[in-house]
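Listed here are the chains, written in short residue letters.
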Amino acid sequence: MKTKVNEIFSSIQGEGPVVGYKQLFIRFCGCNLKCSYCDTDFANGISYSAEELYTKITTEYNLASFHSISLTGGEPLLSVEFLQEFLPMIKGKTKIYLETNATLAQNLIKIRDYVDIISADIKLALDPKIHQEFFEQCRGIQTFAKIVFDENISDKNIEECINLGHQFNLELILQPKMDGYNMTVSSEFCNEILDKFTSFYPNVRLIPQVHKFLDVR
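Residues numbered from 1 in each chain as written. Predicted model: local features only at pLDDT ≥ 70, side-chain atom pairs only at ≥ 80, totals over all residues. Heavy atoms only, no water.

Examining the environment of phenylalanine 149
- Assignment of secondary structure puts phenylalanine 149 in strand 7 (residues 142-149).
- By relative accessible area, which is 1% here, phenylalanine 149 ends up buried.
- Distance from phenylalanine 149 to arginine 205, taken between C-alpha atoms, is 13 Å for residues 56 residues apart in sequence.
- For phenylalanine 149, the residues in contact, after removing those within four places along its chain, are Leu124, Leu174, Gln175, Pro176, Lys177, Val185, Phe189, Cys190, Ile193 and Leu206. (Helix = DSSP H or I, 4+ residues; strand = E, 2+ residues; numbered from the N terminus. Buried < 20%, exposed > 50% of the residue type's maximum accessible area, 1.4 Å probe, protein only. Contact = heavy atoms within 4.5 Å.)

Here it is in structure tokens:
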């Protein structure tokens, strides 16, 4: 079993509640969604077997120096058969941090025992029932939900996100959509949206993409 990896690199996590921690990023190719704000080029990549990837990261990096390994993409859960082989090899050497679009619940079931932290997107354009099914499988795993928003976020979107937060006791992370290194909305609008959320659900934070401000990958 091989899968295509876009890149492997060490950097600082710039999103969500673990912002600022050093992570080893493994970026998988391919995604089942096409988000307008996606900043990943999937044209290039290298195919690895689980053993080849394990050998590469353990010989080139000191895994004990990282807060966690970030499985990112794209959508890592598209490579679930590969992950079923790879994750048992590295479990216990460092934490496993899964970044996902929260749409592939059945794939998560296959590897959930190896995952320590889940960063799950709530895609405002999708039926919230898709995310509801996914979050059902996150129970018992440290999970937070990230919401990328711009001026098109609606009161209905906000209500749906809050309902998911209540149902699964999620920390909600509001992340303004970026255009390069600039937010696409004003600071005033960000505060307005944060106020709308916290009026009904206090476990919400506004965290922009900090790595953009630090000018790191």
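Some remarks on empty space enclosed by the protein
- Tallied over the entire structure, the rule returns one cavity of 30 Å³ or more.
- Estimated volume of the largest cavity: approximately 50 Å³.
- Elements that contribute at least two residues to the lining of the largest cavity include exactly helix 4 (128-136) and helix 5 (155-168).
- Looking at the lining of the largest cavity element by element, the count peaks at three residues for helix 5. (1 Å grid on protein atoms, 1.4 Å probe; cavity = no way out; pocket = protein on both sides within 12 Å on 5 of 7 lines; lining within 4 Å. Points joined across faces, edges and corners; volume = space filled by probe spheres on them.)

Concerning the packing of helix 4 against helix 5
- One can describe the packing of helix 4 onto helix 5 by two numbers: an axis separation of 11 Å at closest approach and a directional angle of 20 degrees. Here helix 5 runs roughly parallel to helix 4, going by the angle between their axes. In this structure, helix 4 meets helix 5 at a crossing whose hand is right-handed. Counted together, Pro128, His131, Gln132, Phe135 and Glu136 of helix 4 and Glu160, Leu164, Gln167 and Phe168 of helix 5 form the full contact between these two elements. (Axes fitted to C-alpha atoms, helices over the stretch in contact; angles between N-to-C directions. Parallel < 35°, antiparallel > 145°, perpendicular 65-115°, else oblique. Left-handed = near helix turned anticlockwise from the far one by under 90°.)

Some details on the pattern of salt bridges
- Per the stated rule, a full pass over the model turns up eleven salt bridges.
- Linking glutamate 7 and arginine 27 is a salt bridge whose minimum nitrogen-to-oxygen distance equals 2.9 Å. A residue pair is termed long-range when its members are at least 10 positions apart, and glutamate 7 in strand 1 (residues 2-12) and arginine 27 in strand 2 (residues 22-28) qualify at 20 residues.
- Glutamate 136 serves as the salt-bridge partner of arginine 139, at 3.2 Å between the closest nitrogen and oxygen.
- On the accessibility criterion, arginine 139 (44% relative accessible area) is partly exposed.
- A network of salt bridges, in which partner residues are shared, links Glu15, Asp121, Lys123 and Lys146. (Salt bridge = Lys/Arg side-chain N within 4 Å of Asp/Glu carboxyl O.)

A short note on the nonpolar core
- Of all hydrophobic cores here, the largest spans 55 residues; its most connected members are Ile26, Ile57, Phe86, Phe134, Phe135 and Phe197.
- Counting residues per element, this core draws most heavily on helix 2 (residues 80-90), at six residues.
- Contacts of isoleucine 57, omitting those with residues within four sequence positions, involve Ile8, Leu24, Ile26, Leu63, Ile69, Phe86 and Ile90.
- Grouped together as the second largest cluster of nonpolar side chains are six residues, Val18, Ile117, Ile173 and Ile207 included. (Core = buried A, V, L, I, M, F, W, Y, C linked by side-chain atoms within 4.5 Å.)

Taken by themselves, the reported measurements are silent on function.
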